[in-house]
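# Structure assessment
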Amino acid sequence: ADNVTKYTVYRDDTKLGDTQSTSYDDNTLQEGVSYAYTVTATSSSGLVSAKSAVSASATIAVPDATAPTVTVVAPANGATGVSLAASLTATFSEAMDQATLGSSNISVTSGGSPVGATYTYTAATRTIEIKPTGALPNAALVQASVSTGVKDIAGNALASAYSWSFTTRDEIAPSVTATAPASG
């Protein structure tokens, strides 16, 4: 009788390698990708079996364990002369859980006072728009922050809190409050 001398392991119909054991460690997996494995057996006389069927236990989905990050913000950190009508945006490195994107985890303040805003997430661009409910404060420093309470769709929290600030321009025209000498 022929004995099995090796097993050849295939992932998604591509040969990974050979083993003499009935187990094989695949150390090249990536997050969020499903894999299907099949195996052939080679006998001591060189006969090779047909590929095995893909079993449910051989399809592996590696979970997403990567924490999201903020990749781009607008207005840019340190920007000056920003319009009082500006909206703020933050773009994330991956798809986010929309339920975590709101005032409990994203704040906008000026002079220590909160700036009221609405929050709209666009999944296609992974961007949250923070639209102030009124004009931003005139000629003021505005600070925005995203807390680690923000999560991606896999439930991973933001890698670290993210903050940025910018200064609005002076859009209020000067007015005359006194004249000297007094008119008349």
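In the block above lies the structure referred to throughout.
Residues numbered from 1 in each chain as written. Predicted model: local features only at pLDDT ≥ 70, side-chain atom pairs only at ≥ 80, totals over all residues. Heavy atoms only, no water.

## Quick word on the overall build of the protein
Along its length, the protein carries 0 helices and 13 strands. Reading the helices (α) and strands (β) of the protein from amino to carboxyl end gives β-β-β-β-β-β-β-β-β-β-β-β-β. Computed over the C-alpha atoms, the radius of gyration of the protein is 29 Å, more than 25% above the 16 Å expected from 2.2 N^0.38 for a compact globule of 184 residues. For the protein, the spread of C-alpha atoms along the principal axes amounts to about 125 × 25 × 25 Å. Taking all 184 residues of the protein together, 30% fall into the buried category. Considering only contacts within the protein whose residues lie at least 6 apart along the sequence, 61% involve residues at least 24 apart. Working note: accessible area of the protein is about 10,800 Å², and carbon and sulfur atoms make up 52% of it. Here the protein contributes 8 positively and 14 negatively charged side chains, and the mean placements of these two sets differ by 4 Å. (Helix = DSSP H or I, 4+ residues; strand = E, 2+ residues; numbered from the N terminus. Rg over C-alpha atoms; globule rule 2.2 N^0.38 Å. Buried < 20%, exposed > 50% of the residue type's maximum accessible area, 1.4 Å probe, protein only. Contact = heavy atoms within 4.5 Å. Areas by Shrake-Rupley, 256 points an atom, 1.4 Å probe, with all protein chains shown as cover. Lys, Arg positive; Asp, Glu negative; His and termini not counted. Charge placed at Lys NZ, Arg CZ, Asp CG, Glu CD.)

## What about the pattern of salt bridges?
Here the structure, examined in full by the defined rule, presents 5 salt bridges. The residue D13 makes a salt bridge to K51 at a minimum N-O spacing of 3.6 Å. Within this pair, whereas D13 is found in the loop between β1 (4-11) and β2 (14-19), its partner K51 is found in the loop between β4 (37-43) and β5 (60-61), the two being separated by 38 residues in sequence. For D13, a relative accessible area of 59% puts it in the exposed group. We classify K51 as partly exposed; its relative accessible area is 39%. What emerges from the salt-bridge pattern is a single network uniting K6, K15 and D18. (Salt bridge = Lys/Arg side-chain N within 4 Å of Asp/Glu carboxyl O.)

## Here's the deal with the side chain of N105
Residue placement: N105 occurs in the loop between β7 (88-92) and β8 (106-110). If we ignore the near neighbours within four places in the chain, the residues touching N105 are T100, S145, V146, S147, G149 and V150.

## Details of the environment of S147
Within the fold, S147 resides in the loop between β12 (141-146) and β13 (162-167). A C-alpha to C-alpha distance of 8.7 Å links S147 and S104, two positions 43 residues apart in sequence. S147 has contacts with N105, L158 and A161, leaving out every residue within four places of it along the chain.

## Let's talk about unusual backbone geometry
With an omega of -10°, the peptide bond running from A74 to P75 counts as cis. Positionally, P75 belongs in the loop between β6 (70-74) and β7. A positive phi angle is found at D12, which is not glycine, with a value near 50°. Tracing the backbone shows D12 in the loop between β1 and β2. The phi dihedral of D13 falls on the positive side, at around 70°, and the residue is not glycine.

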